[in-house]
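Residues per chain are reported as follows:
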Amino acid sequence: MIIIGEKINGAIPSVAKAIASKDAEFIKNLAKIQSEAGANFIDVCASVEDSLELETIKWLIDLVQEVTDTPISIDSPNARICAEAIKFCNKPGLINSVSMEGDKIELVFPIIAETKWECAALLCDDTGIPQTGEKRLEVFAEIMKKAREYNIAPSRLHIDPLVQMLCTSEDGILTIMDVIKEIKKQYPDIHVTGGASNISFNLPVRKLVNQAFIVLSMGSGMDSAILDPTNKDLMGMLYATEALLGMDEYCMEYIGAYREGKFGVKK
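Every chain's residues receive numbers from 1 upward, in the order its sequence appears when written. Confidence filtering applies because this is a predicted model: local features only for residues at pLDDT of at least 70, side-chain atom pairs given and counted only at 80 or more, and all residues used for totals across whole chains, interfaces and linings. Hydrogens and water molecules were not included; the side-chain quantities draw on all heavy atoms of the structure.

Between two packed helices, the angle of one axis relative to the other and the distance separating the axes together describe the packing. Axis separation between helix α9 (residues 232-244) and helix α10 (residues 252-259) bottoms out at 8 Å; the angle between their running directions is 160 degrees. Classified by the interaxial angle, the pair formed by α9 and α10 is roughly antiparallel. Relative to α10, the crossing made by α9 is left-handed. For the pair α9 and α10, the contacting residues are Gly-236, Tyr-239 and Ala-240 in the first and Glu-253, Tyr-254 and Ala-257 in the second. Within the contact of α9 with α10, the residues separate by chemical class into four nonpolar, one polar and one charged. For helices, the fitted line uses only the C-alpha atoms of the stretch in contact; every axis is such a line through C-alpha atoms, and the angle between N-to-C directions lies from 0 to 180 degrees. Numbering of helices and strands runs from the N terminus, with a helix taken as a DSSP run of H or I at least four residues long and a strand as a DSSP run of E at least two residues long. The labels follow the angle: roughly parallel below 35 degrees, roughly antiparallel above 145, roughly perpendicular from 65 to 115, and oblique for the rest. The hand of a helix crossing depends on one turn: near helix anticlockwise from the far one by less than a right angle means left-handed, and clockwise means right-handed. Note on contacts: a residue pair qualifies if any of its non-hydrogen atoms lie within 4.5 Å across the two residues. Polarity classes work like this: nonpolar for Ala, Val, Leu, Ile, Met, Phe, Trp, Tyr, Cys and Pro, charged for Asp, Glu, Lys and Arg, and polar for all others, with Gly in that last group.

Have a look at this one:
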């Protein structure tokens, strides 16, 4: 599983407070603990007003890069901010995100085309979030046309099928599961990602719902997720699921992660 650490996000009250007060040590600690927990990317999302977003993103990226060489995931709904922030990063990372809305892809894909940058792409367009799996796959087809146009390999893309709140869903996550399976069927090398915590908004014991979602989605082919890597119960679930799916030969990754203290309590 490709883990995109979610904890440096200005939408989280404690992080918003740290951004407002310029608490550099707080941000650096969040970067460090996520990296040590096994994050493959550190997501950086400012969630501030537009006029402050680019300078805040730069400040956050600089702090993260002071304490870890884990690649950055530049997270903004503004594709121009994502494109601009690339220059602040020491190495290729992940753009989070583009979609078929407006000119987002046209802003980002040309810039990353000849690089090693990866990109998350959401299955929505100018009509909003498609309500059926069929419509989401139509958006996916358009995204892949653009990827071929700019010679961006499927392996550099993380497709987000749009994980929404379970409590407002009519069919649970069945639509999401069907979309994931079809995406992986068409492009086995592509990544499928999503915000694991989105599923549990407005529900009690959210961590339990998140864990159940991760297990089911991994079984359908999801191999990338935006989540909290410091949650040892969730990390243990990830490693166990990979082993059960035959993705961990002789359970060596599971055993190694346990010995490294990434989950469980060593006796």
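Read on, since the account is not over.
Right, let's talk about the sheet that holds strand β5 (residues 118-125) for a bit. If you walk across this open sheet you meet the eight strands as β7-β6-β5-β4-β3-β2-β1-β8, and the pairing is parallel. Both outer strands of the open sheet, β7 (191-192) and β8 (224-227), are each paired with one neighbouring strand and no more. Against the sheet, helix α2 (residues 24-37) makes contact with β1 (2-9) and β2 (41-45), and its axis sits at roughly 165 degrees relative to β1, the strand it touches most. DSSP-based pairing: two strands are paired if at least 2 bridges between them are found.

Attention now moves to the packing of aromatic side chains. Each Phe, Tyr or Trp ring (for Trp, its six-membered ring) is paired with any other whose centre lies within 6.5 Å, and the angle between the two planes then decides the class: stacked below 30 degrees, edge-to-face above 60, tilted in between. For the structure shown, the criterion picks out five aromatic pairs. Taken together, a centroid distance of 6.4 Å and an interplanar angle of 80 degrees make the contact between Phe-109 and Tyr-150 edge-to-face. Of the two residues, Phe-109 is situated in helix α5 (residues 104-112) and Tyr-150 in the loop between α6 (133-149) and β6 (157-160); the sequence distance between them amounts to 41 residues. Both residues of the pair, Phe-109 and Tyr-150, belong to the buried class. Taking the centre distance of 4.9 Å and the plane angle of 45 degrees together, the rings of Tyr-254 and Phe-263 count as tilted. Each residue gets one of three labels from its accessible area relative to the maximum for its type: buried under 20%, exposed over 50%, partly exposed in between, using a 1.4 Å probe on protein chains only.

One less than the number of residues in a helix, times 1.5 Å, gives the span that helix is expected to have. Compared with an ideal rise of 1.5 Å per residue, which puts 13 residues at 18 Å, α9 spans 18 Å between its outermost C-alpha atoms and is within 8% of the ideal. Among the residues of α9, Leu-234, Met-235, Gly-236, Leu-238, Tyr-239, Thr-241, Glu-242 and Ala-243 are the ones counted as buried. Contact partners of the buried residues in α9: β1, α2, α8 (206-220), β8 and α10. Nitrogen and oxygen atoms within 3.5 Å of one another constitute a polar contact, given that in protein one can donate a hydrogen and the other can accept it, and given that sequence-neighbouring residues count only through two side-chain atoms. N-capping of α9 is provided by Asn-231, with a side-chain oxygen placed 3.1 Å from the backbone N of Asp-233. Gly-246 sits one or two positions beyond α9 and adopts a positive phi of about 75 degrees.

This next bit is on the packing of α5 against α6. One way to put it is that α5 packs onto α6 with a least axis distance of 10 Å and a crossing angle of 35 degrees. The interaxial crossing formed by α5 with α6 has right-handed handedness. For the pair formed by α5 and α6, the contact residues are Ile-105, Glu-106 and Phe-109 on the first element and Ile-143, Lys-146 and Ala-147 on the second. For the contact of α5 with α6, the residue count by class is four nonpolar, no polar and two charged.

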